[in-house]
Amino acid sequence: MMADDLNSRPAPAAAAVSPAATLAATLLAAVLAACGGGGGGSAPVTQPETPKPDPAPPTPAPFTLAVHEVASGLQTPVLLTAPANDTRRFIVERPGRIRILASDGTLGTTPFLDLTGLISTDGEGGLLSMAFHPSYAQNGKFYIYYTDKFGNIAIDEAKVSTGNANLADANSLKRLVTIPHPTYTNHYGGLLAFGPDGYLYAGTGDGGGSGDPSGNAQNLDSLLGKLLRLNVDTPVAPLYLVPPDNPYAGQEGKRGEIWAYGLRNPWRFAFDAATGSLYIADVGQDMKEEVDVVASTLKPANYGWNVMEGTSCYNAASCSQAGLTLPVLEYDHGSNNANGCAITGGFVYRGKAMPELAGRYLYSDYCKGFLRSFLYTNGAVSEGKDWAVGDIGRVPAFGQDSAGELYMLSEGGKVYQIVKGP
């Protein structure tokens, strides 16, 4: 009976579907169809790709130095220099000539100045250096350091000829300083350079012989074994004045020209063009080579020879170091001069071609021909480096052009520019 009652009931009326519901269902079906849906399957999910890391930046090549030959066929070149803002390079040859290396790399056949036959080249003598007056472009003056026919150290003033910028006036030479150098033919020193104060500096050797037998370096009445400082901007004899702030100016029994003393053979020294600091490479006796550095703000110094050789007492078990200025860098000769025998001072690099080298002092050794450098800041040496540029033979000197780029000179007659390595 129950079943009959159910079967006999009228069917329920269908529920009314709103237009909004119909639209929603239609949209859902369209979305499922677009995703490949339909039936009872779920819409596939696309996983995002894992981002790839940025590639590592390339490792920069290490900074290296090389040397590039720019001149050959010279006779014992001992200096390369240039007047301010001049693209020519003037090369001093020890036998007595000054040659011009033009900006295009041409080495002039006619010397700028030729003193051969007028000077002595005995021992370590000869034409040893030159320096252009800071106002050379206006006054045409330059200065030369050489050994005269009598073996004396001579410092002369000279001028360029009025009609030819590539030729000096040989008749213009005037003697400024004569320093007797008897008995020995070594330790002449030999460099002239203008300091940032506009004065002319000259480095003289101790007079020669082993161990300074005449005691010149510590003798303030001798101009040997010294760094001299002269005011050459005077037209009256003796063509120079002693600057009044020289430490011994006007003192009886002491030479007013002396700026510093206690030097053995300051063959090459240099002023840092940026800071004014003075770097002196003083050639040692038998054991040590040294570099002395004095900031522009410091007073002159006694560099110790012949009380000391480098940081060691010379020829004595002990010595007093009171009042002495010790080197900032030294190296031993080693057995059979394995490390070198005579330091060749260079320059602090202030050129623009190699900013990585800025502030480094470059130097070599006459016997080994290496190229080394160090950085001197806040009273300390750091970043010592051997640049491994290869063997170019004996190196008597460096050079610097008007742009601050540096050169190495080979005793074999070649000039090499120091450049960035490959």
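This text gives an overview of the structure that appears in the document.

Scoring rules and cut-offs
The written sequence of each chain sets the order in which its residues are numbered from 1. In keeping with the model being predicted, local features are shown solely for residues with a pLDDT of at least 70 and side-chain atom pairs are shown and tallied solely at 80 or more, while totals for entire chains, interfaces and linings include all residues. Water and hydrogen atoms were dropped before computing side-chain values, which therefore reflect all heavy atoms in the structure. Categorising residues by exposure relies on relative accessible area from a 1.4 Å probe, with only protein chains included: less than 20% of the type maximum marks a residue as buried, more than 50% marks it as exposed, and the intermediate range marks it as partly exposed. Put simply, DSSP H or I for four residues or longer makes a helix, DSSP E for two residues or longer makes a strand, and each gets a number counted from the N terminus. Two strands form a pair only when DSSP identifies at least two bridges running between them. With axes taken as lines fitted to C-alpha atoms, and helix axes fitted only over the stretch in contact, angles between N-to-C directions fall between 0 and 180 degrees. The definition of a nonpolar core used throughout is a set of buried Ala, Val, Leu, Ile, Met, Phe, Trp, Tyr and Cys residues joined through side-chain atoms within 4.5 Å. Throughout, a contact is declared for two residues whenever any of their heavy atoms are within 4.5 Å. N or O atoms within 3.5 Å of each other form a polar contact, as long as, within protein, one can give a hydrogen and the other can take it, and as long as residues adjacent in sequence are counted only when both atoms are side-chain atoms. By disulfide we mean two sulfur atoms from cysteines, separated by a distance within 2.5 Å. Paired rings are identified among Phe, Tyr and Trp, the last through its six-membered ring, by centres lying within 6.5 Å, and are further divided according to the angle between planes into stacked (under 30 degrees), edge-to-face (over 60) and tilted (the rest).

### Digging into the pairing of strand β25 (residues 406-409)
(1) Moving on: Judged by which residues are buried, β25 turns out to be covered on both faces: Leu406 and Met408 on one side and Tyr407 and Leu409 on the other are all buried.
(2) Moving on: In this structure, the hairpin formed by strand β24 (residues 397-400) and β25 is closed by a connection of five residues, where Gly404 is found at a positive phi of approximately 85 degrees.
(3) Moving on: Of the pairings in the sheet, the one linking β25 to strand β26 (residues 415-420) comprises three bridges and is antiparallel in character. Bridging from a neighbouring strand, Met408 pairs with Tyr416 of β26.
(4) Moving on: Counted between consecutive antiparallel strands, the loop separating β25 from β26 contains five residues, among which Gly413 sits at a positive phi close to 100 degrees.

### Digging into the sheet that holds strand β10 (residues 191-194)
(1) Moving on: Taken in spatial order, the four strands of this open sheet run β10-β11-β12-β13, and their pairing is antiparallel. One side of each edge strand has no neighbouring strand; the edge strands of this open sheet are β10 and β13 (258-261). Neighbouring strand axes in the sheet, compared pairwise and without regard to direction, differ in orientation by 20 degrees on average.
(2) Moving on: Sheet topology places strand β11 (residues 200-203) next to strand β12 (residues 226-230); four bridges connect them, and they run antiparallel. The residue bridging Ala202 from the neighbouring strand is Leu228, located in β12.

### As for the nonpolar core
(1) Moving on: Ile98, Phe112, Met130, Phe142, Ile144, Leu227 and Phe269 are the most contacted members of the largest nonpolar core, which totals 77 residues.
(2) Moving on: Setting aside chain neighbours within four positions, we find Leu227 in contact with Tyr201, Ala202, Gly203, Glu257, Ile258, Trp259, Ala260, Leu263, Phe269, Leu278 and Ile280.
(3) Moving on: Core analysis: the second largest hydrophobic core is formed by 18 residues, Leu65, Phe347, Met354 and Val389 among them.

### Overview of the sheet that holds strand β20 (residues 343-348)
Whenever strands of a sheet pair, they do so through backbone hydrogen bonds, lying parallel or antiparallel.
(1) Moving on: If you walk across this open sheet you meet the four strands as β20-β21-β22-β23, and the pairing is antiparallel. Each edge of the open sheet is held by one strand with a lone partner, namely β20 and β23 (380-386). Adjacent strand axes in the sheet meet at a mean angle of 25 degrees when their direction is disregarded.
(2) Moving on: Bridge count for strand β22 (residues 372-377) against β23 is five bridges, and the pairing is antiparallel. By the bridge assignment, Thr377 is partnered in β23 with Ala380.

### Quick notes on the side chain of Arg88
(1) Moving on: With respect to the element layout, Arg88 can be found in the loop between β2 (77-81) and β3 (89-93).
(2) Moving on: Here the side chain of Arg88 touches Asn166 through a polar contact of 2.6 Å, side chain to side chain.
(3) Moving on: Apart from residues lying up to four places away in sequence, Arg88 is in contact with Thr81, Ala82, Ile100, Leu101, Ala165 and Asn166.

### A closer look at the state of the cysteines
(1) Moving on: Across all of its chains, the model carries two disulfides by this definition.
(2) Moving on: The residue that forms a disulfide with Cys341 is Cys367, at a sulfur-sulfur distance of 1.8 Å. Disulfide Cys341-Cys367: torsion about the S-S bond near 70 degrees, hence right-handed. One end of the pair, Cys341, is in the loop between β19 (329-332) and β20; the other, Cys367, is in the loop between β21 (360-365) and β22, and 26 residues separate them in sequence.
(3) Moving on: Take Cys341: its relative accessible area is 17%, and that puts it in the buried class.
(4) Moving on: Here the disulfide map of the chain reads 1-2, 3-4, the bonded cysteines being numbered as they appear in the sequence.

### Brief notes about the packing of aromatic side chains
(1) Moving on: What the rule picks out here adds up to 20 aromatic pairs.
(2) Moving on: Relative to Phe194, the ring of Tyr143 has its centre 5.7 Å away and its plane inclined at 65 degrees; by these criteria the two rings are edge-to-face. Pair noted here: Tyr143 is in strand β7 (residues 141-147) and Phe194 is in strand β10, with a separation of 51 residues, a long-range link. In this pair, the class of Tyr143 matches that of Phe194, namely buried.
(3) Moving on: On the numbers, 6.5 Å between centres and 25 degrees between planes, the contact of Tyr331 with Tyr363 is stacked. With Tyr331 in strand β19 and Tyr363 in strand β21, the pair connects residues that are 32 residues apart, well separated along the chain.
(4) Moving on: A relative accessible area of 5% means that Tyr363 is categorised as buried.
(5) Moving on: Through pairs of rings, three or more aromatic residues link up here, namely Tyr279, Tyr331, Tyr361, Tyr363, Phe370 and Phe374.

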